[in-house]
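# Chain and residue survey
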Amino acid sequence: MRPRTSVGRAAVVVCILTAIALAASVLQGCSSAVTVGKSLADSLLPLPQRTVWAPCPDPDSYFDSYRDASGSGTNYVYEVNAADENGRDMTVDIILFGRKASGEGWIKIEAKGTSGLHYDSIAEDEVPQAAREALTTDFDL
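Residues numbered from 1 in each chain as written. Predicted model: local features only at pLDDT ≥ 70, side-chain atom pairs only at ≥ 80, totals over all residues. Heavy atoms only, no water.

Across its full length, the chain carries 3 helices and 6 strands. Counting from the amino terminus, the chain carries its helices and strands in the arrangement α-α-β-β-β-β-β-β-α. Looking at the chain residue by residue over its 141 residues, the buried ones come to 31%. Taking as baseline every contact in the chain between residues at least 6 positions apart, the subset at least 24 positions apart corresponds to 55%. Accessible area for the chain stands at about 8,900 Å²; split by element, carbon and sulfur atoms hold 55% of it. (Helix = DSSP H or I, 4+ residues; strand = E, 2+ residues; numbered from the N terminus. Buried < 20%, exposed > 50% of the residue type's maximum accessible area, 1.4 Å probe, protein only. Contact = heavy atoms within 4.5 Å. Areas by Shrake-Rupley, 256 points an atom, 1.4 Å probe, with all protein chains shown as cover.)

Here it is, written out as structure tokens:
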């Protein structure tokens, strides 16, 4: 039996993700299917994983929302500006399940690709100085 190639595995993953996204679009509506599909792709593909920090987003700044699997609650999707311990910035999507963001404090995010896999509320003094500076510096244009 011949071993599978990386291209073959990638094609299988793309097909599976496409099927999941199509099923989700039928069940939940088109915009949420894109969000869920992107999050699934980021978690399944061999993308770099890193820890980043961000100010907690404003509660009403979500860019997408959709009913949860039970149909009794709503999940909210936020795009946050985050930075790593070296001050390198990136944009990360996080999904808050069943609630909106508090808009207060900071969050520590375990990100893969541009999706937040796990996140926790933390105190500002737990955020590395370089990340805090990258996210709180005002730039004059």
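What follows picks up the thread again.
Okay, the pattern of salt bridges next. Think of it this way: side chains of opposite charge can pair up when their charged atoms draw near. In the structure shown here, the tally under the stated rule is 3 salt bridges. Note that Asp60 and Lys100 form a salt bridge whose closest N and O atoms lie 2.8 Å from each other. Residue Asp60 is located in the loop between strand E1 (49–55) and strand E2 (64–67), and its partner Lys100 is located in the loop between strand E4 (89–96) and strand E5 (106–112); the two are separated by 40 residues in the primary sequence. The exposure class assigned to Asp60 is exposed, which follows from its relative accessible area of 54%. By relative accessible area, which is 33% here, Lys100 ends up partly exposed. Where Arg88 meets Asp84, a salt bridge forms, and the shortest distance between an N and an O atom there is 2.9 Å. Through salt bridges that share partners, Arg50, Asp84 and Arg88 make up one connected network. (Salt bridge = Lys/Arg side-chain N within 4 Å of Asp/Glu carboxyl O.)

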